[in-house]
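Topology and contacts: notes
Chain by chain, the residues:
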Amino acid sequence: MQVNVGDLLTSGTLLVASITWWVTFRQARRSERVTRTAEVIANLSLSDALAEATFQLTRLINEGRQVRYEALDEITERHVVKILDYYEYLCELYESGVLSRATIVTLRGQLMARTYDVCADYIAETRRRQGRLVYEAFERFVAGLPGRSERDRSLPVAPAPGASPAPDASPAPDAGPVPDASTAPAAEPGRPAA
């Protein structure tokens, strides 16, 4: 069997066409994931309940307060749960390959990390009370964010049901106010702007 120049050129053309198709396909998928991620995050601003919850939790973060299970009133707890559930949803979508990690990190990464830091005690207590791991995807995502120290990257083991978590008296990390004007609702009469 002999291979002539025509067969070689045809094979080369098919190889180049296949590689071009594959690269184009991958870029389109990546672009779709980025667009989908931006849309999911933009929904945060469109949902009044999520926008209000973000505003309230950002206010707590900027005040340097830790979110502790036993110290929350019912309204604040609803806001905290809405945001934690939303971030868990985002992270689960990322883990399933639907959303872009880079886009999430760019648009929400700092606020997600700060939220996790101030809500860590709340999450641990919720796990203890429910006897199951909650907000695992959120925890894994935050642990992998750039700039997290090894201490921040180590995932705490959920205490067994009935065991009490180790007390943590450390204050919220002070990295300054969290800029989130894009999702905070406009100031209403009688309420100061964030």
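Residues numbered from 1 in each chain as written. Predicted model: local features only at pLDDT ≥ 70, side-chain atom pairs only at ≥ 80, totals over all residues. Heavy atoms only, no water.

Looking only at helices and strands, one finds six helices and zero strands in the protein chain. The N-to-C order of helical and strand elements in the protein chain reads α-α-α-α-α-α. Per-residue burial for the protein chain yields a buried fraction of 34% across its 194 residues. The contacts of the protein chain with a sequence gap of at least 6 include a subset with a gap of at least 24, amounting to 77%. By element, 58% of the accessible surface of the protein chain is carried by carbon and sulfur atoms, the whole surface being about 11700 Å². (Helix = DSSP H or I, 4+ residues; strand = E, 2+ residues; numbered from the N terminus. Buried < 20%, exposed > 50% of the residue type's maximum accessible area, 1.4 Å probe, protein only. Contact = heavy atoms within 4.5 Å. Areas by Shrake-Rupley, 256 points an atom, 1.4 Å probe, with all protein chains shown as cover.)

Take Arg 108: it is sitting in helix H4 (residues 101-130). With 21 residues separating them along the chain, Arg 108 and Tyr 87 place their C-alpha atoms 9.5 Å apart.

On the surface, Leu 15, Ile 19, Trp 21, Trp 22, Val 23 and Phe 25 cluster together into a nonpolar patch covering about 620 Å² of accessible area. Structurally, Val 23 is set in helix H1 (residues 5-46). (Patch = residues over 30% accessible without salt bridge, like charges linked within 9 Å, V, L, I, M, F, W, Y side chains within 5 Å. Salt bridge = Lys/Arg side-chain N within 4 Å of Asp/Glu carboxyl O.)

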